[in-house]
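Examining the three-dimensional arrangement
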Amino acid sequence: MSKSSSVSPTQLFAMIILFEFGTALVLPIGQAAGSNVWLSILLAMPGGMILYVLYTYFNRQFPALTLSGYIRKILGPYFGWPVSFLYIVYFIYISSRNLREAGDLLISASYDETPLATVHAVMIIAVIYVIYKGVNVLFRLGEIYILIIISLGILSQAAVLFSGALELRNLLPLMGEGFIPTLRDAYPNILMFPFSELICFATIFPHMKQQKLIRKTGLLAILASSLMLSLSHAIEIAIIGKDIYSRATFPLFTSITIVEVAEFMQRLDPFVILTLIIGVFFKMTVYAYAVTAMAADLFRIEDRRQLAFPIGIVIFLISVLSAWSFPEHNSEGRVHLITGSPFFTVAVPILLLLVHLLKKRSTHS
Amino acid sequence: MMFYRKAQRNRKPSYQSHTDAANAASDNGGKPPISAGLADNLAYLRQELGDSPDMIVRTFEIGGNRIPAGAVYMDGITDKDMVNEYILKSLMIEAGEAMNPDEKPDILAYLKANALTIGEVHLLKDWDCIILSVLSGDTVIFLDGSPEAISGNTKGGEQRTITEPSTQVVIRGPKDGFTESIGTNVSLVRRRIKSSSVRLEPFKIGQTTKTNVAVMYIQGKAEDHVVQLLRERLSGIQIEALTGSELLEELIQDQKKSPFSTLINTERPDTVANHLLDGRIAIFVDGTPFNLIAPTTFLMNFLSTEDYYTRPEAVAAIIIVRYAALIISLFAPSIYIAAITFHQEMIPTPLLLSLASQRESVPFPAFIEALIMEFTFEILREAGIRMPRAIGQAVSIVGALVLGQAAVEAGIISSAMVIVVAITGISSFANPSYNMALSIRLIRFFLMVAAALFGFYGIAIFSIILISHMCSLSSFGVPYMTIKTPSVPEAERKTLFGIPLTKEKTKPQPAPDSGGSGAGGNDQAQPASAPSNLLNESGSS
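Source: prediction; values computed, not measured.

Within chain A, the regular secondary structure consists of twelve helices and zero strands. What you see in chain A, going N to C, is helices and strands ordered as α-α-α-α-α-α-α-α-α-α-α-α. Relative to its length of 365 residues, chain A is compact, with a C-alpha radius of gyration of 20 Å against a globular reference of 21 Å. Per-residue burial for chain A yields a buried fraction of 51% across its 365 residues. If you take every contact in chain A between residues at least 6 apart in sequence, the share linking residues at least 24 apart comes to 83%.

Rendered as structure tokens:
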């Protein structure tokens, strides 16, 4: 990897939190748990941590290689190359899904007369620019925006507290339908989204300044982000109740529109929109960066920056063309959550681990 | 050649031998060697400077042997008293009394050692040095029969005295400011840091102007690789003329294409001293009171000199005000446009009603309205800089009443817009750095366009691009957007987000003994070719 780029542990911490927030803060996550989503998030967290440890395990074995690099090393070039290529396709798809979610919220919130493609194009320009500037700029940007996101969060949650819209009774009954639905919501749904998505950080680990701190920093970031996610979703449910929560397209948006403080702060929707724009931006940029890193590795392209524009355009086109409507997009998402996601983020890494361990044992004996 | 012959014809025939030599040399493409004949040398120098009337040539004889000699200096940039007292008097009178008429071997060296009672004297062996010396204000002495010359430092002449800086004013703090003379400027800083580890490295930049540039830092505090990088950049500059620090700033920046300047400038010696003590490097440019500091981060732009002389608790609060002013001056018009055009729902209903009734008579969309007002404000601002003091009051009445109040009453703009533009304008003056304020003025218009097209979404995306651009900037290898103060070790850091936590200069670092064994490596790196007398000034002694 290029020597000039280096990412500090603080930057990684900030970026993982931003990435986890991404769309998970705004979209309803988990389908069945109802009022206990916040518990499901906490239940899914250990699973997310185990997956993260698995991803960092490969990094410890191959510190200089990116995801596609060690896939080819473990599976051999003939199997490794197509599998790596599938990862590229998968990452492009996820990145474009993120863009679509932001675009649809923006259109439903205040841009009802702006075409979807225009909204997406504006966002993709920023993504292309940042990818072009390189991984260092992306992570330094994350360090700044985490402060913005957290201050937005504190402001809006303070507003919620003072508005009196909080109805804690909405959170009851605690596990009213027993432990199983809550657990089933956590595994696999919440584990897949957002926790398992951290696999694309495997392309960033080689840029880390202090390789030893990757695991510790990441686990701390997962802990912090799931606590904040859990709190935020608990507040959403407490405000709007589990019925509306499970029906709303964007529950955070719906709940924040109810909040009104002192007859002055009547509409906090811009906060939500800003949060979503920032979160989606970072999430899709990390994915897009992962794509460029892997594509540069697979196709032996020296200058990764050349790839920023073509990959940005592909993501843009897929985001517009993949679904005709947001409900269609959502149903695609549900399918994806039980097929593509487990395959790429759990099955393949475990397979890689097994092959790697077998190889290691055979070389040892 | 024709021109040359013409000039030659006016001279006495005795110059023949010299001009032959000159011709031979000019065929080789260089300047001739210094002739042994005094008259030849003086004539050549006259001709090189185009027979300039402000070049004064005084011929005389030295000692009992009556050796013909000539002193050359430029009128106006030399200190005449010094020329008369320490050059002419000592050579014409005192040298003759002391000199043994039988001694002949190396008369120039003798004079240099025994006769010239002046601080700085050099033996010059080629015409380039001589001409540069004369043009810098030195007095050059030729002797008949010796192919060398002596220069004595007699720089002086009229200069602006040290006055209070006009752009960076403090309430409590020193009142001296830099002048246009690099020697004075360096001495102002020297007076504040009496340390043997202060290093000063001279450079000459500009083929025509030969502007003196000096780099000052404290050895052991400034990072060696930054100093080395700066040296390389300065010696790599190929430019015809350097007339101020603005151009130099552009030439040595890490990234040239950016609205942000990654060096800060100051006209206050105490600011320079404080930065030097924090391990940064000062770059002095002759001919301007604005000297540069490197490396710089974004947050350093929000520190004012006043902060060093104010209680830290108060400074912390004031800096928060400055950040708020930054955000207002950058975002206020675009947020107004976005709210009015796209996001009316976020404005509280009573305010929205009032805004709507104000805007009822306004024929323009909010963006055009904002553009008109912002542009008018920019015109007023430009005019304010240039207009004569005497009519300032009249213009401000026109600006405030006619353009503000009357435009609202005429229904061209809404009064809310006037408030927005006014607060934006005032906020931009709260920024201690004029450079930063200029960049923000520029970016504000792009933000307004983004807001007019896409509302808050446009502002958010533009901000992401803007901040990522700033994240990609660096100043001599130090990231521009870092929160940390560059060059200061972690343990001694005394600012948080640019807010100083304590003013104490922490425990003094062991100053490395100058020229000692430990610092040997750095001494080698100093540019060897630069003459050492460039920065001194006779008047300041």
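Another aspect to go through is the overall build of chain B. Tallying secondary structure elements over chain B gives 17 helices and 14 strands in all. A burial count over chain B gives 39% of its 541 residues as buried. Contacts in chain B between residues far apart in sequence, at least 24 positions, make up 70% of those at least 6 positions apart.

Residue and element names in this part refer to chain A. Along the polypeptide, L138 turns up in helix 5 (residues 135–163). The exposure class assigned to L138 is buried, which follows from the 25 C-beta atoms found within 10 Å. For the pair formed by L138 and L174, sequence separation is 36 residues and the distance between their alpha carbons is 41 Å. Residues in contact with L138, not counting those within four places in the same chain, are V130, T285 and Y289.

Listed as interface residues are 22 residues of chain A and, on the opposing side, 20 residues of chain B. Of the residues belonging to the side of chain A that touches chain B, the class tally is 16 nonpolar, two polar and four charged.

Moving on: the sheet that holds strand 6 (residues 198–205) of chain B. Residue and element names in this part refer to chain B. Read from one edge of the open sheet, five strands run 6-7-9-10-8, paired in antiparallel fashion. Two strands in the sheet have a free side with no partner beyond their single neighbour: strand 6 and strand 8 (264–266). Across this sheet, the average inter-strand angle for adjacent strands is 25°, counted without regard to direction. Across the sheet, helix 7 (residues 182–190) is in contact with strand 6, strand 7 (211–218), strand 9 (281–285) and strand 10 (291–294); its angle to strand 7 comes to roughly 10°. The strands that helix 10 (residues 269–277) touches are strand 7, strand 8, strand 9 and strand 10; relative to strand 7, the one it contacts most, it runs at about 50°.

This part covers the packing of helix 11 (residues 312–341) of chain B against helix 15 (residues 415–429) of chain B. Residues and elements named next belong to chain B. Look at helix 11 against helix 15: their axes get within 7 Å of each other, and the N-to-C directions meet at 155°. Judged by the angle between their axes, helix 11 and helix 15 are roughly antiparallel. Every pair of crossing elements has a handedness; the one defined by helix 11 and helix 15 is left-handed. Judged by residue contacts, A325, I328, S329, A332, P333 and Y336 of helix 11 engage V420, V421, I423, T424, S427 and S428 from helix 15. In terms of residue class, the contact of helix 11 with helix 15 is made up of eight nonpolar, four polar and no charged.

Residues F193 of chain A and P194 of chain A are joined by a peptide bond in cis, for which omega reads 15°. Within the secondary structure, P194 of chain A is located in the loop between helix 6 (179–192) and helix 7 (213–247). Across the junction of A294 of chain B and P295 of chain B, the peptide omega takes the value -10°, indicating a cis bond. Phi at K210 of chain B takes a positive value of approximately 45°, unusual for a residue other than glycine. You can see K210 of chain B is positioned in the loop between strand 6 and strand 7.

Turning our attention to the packing of helix 11 of chain B against helix 13 (residues 366–386) of chain B. Each pair of packed helices can be described by the angle between their axes along with the distance between the axes. All names here are of chain B. At a minimum axis distance of 9 Å, the contact between helix 11 and helix 13 shows a crossing angle of 160°. Considering their axes alone, helix 11 and helix 13 lie roughly antiparallel with respect to each other. For the pair helix 11 and helix 13, the crossing hand works out as right-handed. Side by side, helix 11 and helix 13 meet where P333, Y336, I337, I340 and T341 of the first sit next to A366, F367, A370 and E374 of the second. The residue makeup of the contact of helix 11 with helix 13, split by class, is seven nonpolar, one polar and one charged.

What follows is about the environment of S261 of chain B. All names here are of chain B. Tracing the chain through its elements places S261 in the loop between helix 9 (245–252) and strand 8. Using a count of 22 C-beta atoms within 10 Å as the deciding quantity, one classes S261 as buried. Separated by 89 residues in the primary sequence, S261 and P350 have C-alpha atoms spaced 43 Å apart. Once residues within four sequence positions are removed from consideration, S261 is found in contact with E249 and N435.

It is worth spelling out the sheet that holds strand 5 (residues 149–152) of chain B at this point. The pairing of strands in a sheet comes from backbone hydrogen bonds and takes either a parallel or an antiparallel form. Residues and elements named next belong to chain B. Strand order in this open sheet of five strands is 1-2-4-5-3, and the pairing throughout is antiparallel. Two strands in the sheet have a free side with no partner beyond their single neighbour: strand 1 (55–62) and strand 3 (121–124). Taken over all neighbouring pairs, the strand axes of this sheet differ in orientation by 25° on average, direction set aside. Inspection of the sheet shows strand 3 paired to strand 5 by four bridges, in the antiparallel sense. Each bridged residue has a counterpart across the sheet, and for H122 the counterpart in strand 5 is S151. The sheet strands contacting helix 6 (residues 127–136) are strand 2 (67–74), strand 3, strand 4 (139–143) and strand 5, and the helix crosses strand 2 at an angle near 55°.

Conventions used here
- Residues numbered from 1 in each chain as written.
- Chains lettered and ligands numbered in written order.
- Predicted model: local features only at pLDDT ≥ 70, side-chain atom pairs only at ≥ 80, totals over all residues.
- Helix = DSSP H or I, 4+ residues; strand = E, 2+ residues; numbered from the N terminus.
- Rg over C-alpha atoms; globule rule 2.2 N^0.38 Å.
- Buried ≥ 20, exposed ≤ 12 C-beta atoms within 10 Å, placed from the backbone.
- Contact = placed C-beta atoms within 7 Å.
- Nonpolar A, V, L, I, M, F, W, Y, C, P; charged D, E, K, R; others polar.
- Pairing = 2+ DSSP bridges.
- Axes fitted to C-alpha atoms, helices over the stretch in contact; angles between N-to-C directions.
- Parallel < 35°, antiparallel > 145°, perpendicular 65-115°, else oblique.
- Left-handed = near helix turned anticlockwise from the far one by under 90°.

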